Amino acid sequence: MDMGKAIREGRERLGMSQEALAERLSVSRQAVSKWEMGTSVPSPENRRALSEILGADLQVETEAVPSVPLRRWKRLTLAAGLLCLALLAALGWILYSAHQDGWPPEDPQITGVYFYDAAGQEIAKSDFDWYLFPPDSTVTVAVTFQDGREHTVDQVVLFLYPTGTGVAEKRQQVGVRRIRDGQTFALFRWEIPASLYSHFEVQLECGDGQTVSASHWNVVDRDSAF
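Residues numbered from 1 in each chain as written. Predicted model: local features only at pLDDT ≥ 70, side-chain atom pairs only at ≥ 80, totals over all residues. Heavy atoms only, no water.

Draft legend 1. Focus on a nonpolar patch on the surface. On the surface, a nonpolar cluster with roughly 330 Å² of combined accessible area is contributed by Leu 78, Leu 82 and Leu 85. If you trace the backbone, Leu 78 turns up in helix α5 (residues 70–99). (Patch = residues over 30% accessible without salt bridge, like charges linked within 9 Å, V, L, I, M, F, W, Y side chains within 5 Å. Areas by Shrake-Rupley, 256 points an atom, 1.4 Å probe, with all protein chains shown as cover. Salt bridge = Lys/Arg side-chain N within 4 Å of Asp/Glu carboxyl O. Helix = DSSP H or I, 4+ residues; strand = E, 2+ residues; numbered from the N terminus.)

Draft legend 2. Structural view of the packing of helix α2 (residues 18–25) against helix α3 (residues 29–37). Two elements in contact, α2 and α3, have axes whose closest approach is 8 Å; the angle formed by their N-to-C orientations is 110°. On the basis of the axis angle, α2 is roughly perpendicular to α3. Taking contact as the criterion, the partners of Gln 18, Glu 19, Leu 21, Ala 22 and Leu 25 in α2 are, on α3, Arg 29, Val 32, Ser 33, Trp 35 and Glu 36. The class makeup of the residues in the contact of α2 with α3 is 5 nonpolar, 2 polar and 3 charged. (Axes fitted to C-alpha atoms, helices over the stretch in contact; angles between N-to-C directions. Parallel < 35°, antiparallel > 145°, perpendicular 65-115°, else oblique. Contact = heavy atoms within 4.5 Å. Nonpolar A, V, L, I, M, F, W, Y, C, P; charged D, E, K, R; others polar.)

Draft legend 3. Representation of the environment of Val 141. Mapping Val 141 onto the fold places it in strand β3 (residues 138–146). In this structure Val 141 comes out as buried when scored by relative accessible area, which is 0%. If sequence neighbours within four positions are ignored, Val 141 has contacts with Val 113, Tyr 114, Phe 115, Leu 158, Ala 186, Leu 187, Phe 188, Trp 190 and Phe 200. (Buried < 20%, exposed > 50% of the residue type's maximum accessible area, 1.4 Å probe, protein only.)

Draft legend 4. How the structure looks around the environment of Ser 26. Within the element layout of this structure, Ser 26 appears in the loop between α2 and α3. Note on Ser 26: relative accessible area 66%, which makes it exposed.

Draft legend 5. Spotlight on the nonpolar core. Residues Phe 133, Val 141, Val 156, Trp 190 and Phe 200 are the most contacted members of the largest nonpolar core, which totals 27 residues. When near neighbours in sequence (up to four residues on either side) are disregarded, Trp 190 contacts Phe 115, Phe 133, Ser 137, Thr 138, Val 139, Val 141, Leu 160, Val 174, Leu 196, Phe 200 and Val 219. One finds Leu 21, Ala 22, Ala 31 and Leu 50 within the second-largest nonpolar core, a separate group that totals 14 residues. (Core = buried A, V, L, I, M, F, W, Y, C linked by side-chain atoms within 4.5 Å.)

Draft legend 6. Just helix α4 (residues 44–54), in detail. Along α4, the residues classified as buried are Asn 46, Arg 47, Leu 50, Ser 51, Ile 53 and Leu 54. Turning to α4, the residues buried within the fold contact α1 (3–13), α2 and α3. Downstream of α4 by a residue or two, Gly 55 has a phi angle that is positive, lying close to 70°.

Draft legend 7. Structural view of the sheet that holds strand β1 (residues 109–116). Spatially, 3 strands are ordered β1-β3-β6 in an open sheet, and the strand pairing comes out antiparallel. For this open sheet the edge positions go to β1 and β6 (185–191), each flanked by a neighbour on one side alone. On average, each strand axis in the sheet is tilted by 20° relative to the strand beside it, whichever way the strands run. Here β1 pairs with β3 via 7 bridges, running antiparallel. Across the sheet, the residue bridging to Gln 109 is Gln 146, located in β3. (Pairing = 2+ DSSP bridges.)

Any functional reading would require information beyond the geometric quantities listed.
Structural data, given as structure tokens:
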């Protein structure tokens, strides 16, 4: 019996819902659903806990990871290279356009924040002004900025914190990039969590200690979207 079927039958035998089992394991309901559908597998720690809760042996031997055929590897490498070229070309045009509008400003400025999926397609805001991301996916975040006449950007920092009032102290850093002289953009790879309903903030930090924060962007995973 495969693991997903064993988890589902063990849960149903005990009369437990996916939510109840997820709460016992301190994971999301989506995680339990993915285990049962076979699209992901629980960690060794979660397998041990599941074995105890469901009364079934879910410990498995380590499976050998099949090697990626050389031809497929070359295709993946080529696709990754084309994605980088496309992102750099887009950033170049954005920076060129910005310089035509009376830049540089007196203080450093963030000129744009862009999200791209694994295929290199830009992710646009939804109709209700939120960015929707597939849970457990990876997106590329591109930040463009302009040094000020008196200050230069030393590093770009990404933060995430839950929506609602009084939770700013829960802000979590999700990325940081040091900036070389003359560089006016930063690229990040961001792992989207299984559950996301937060504000996304980009912050420029200057070498002299000055901090310039941009407005917040609202981000949510598609499973939690309202």
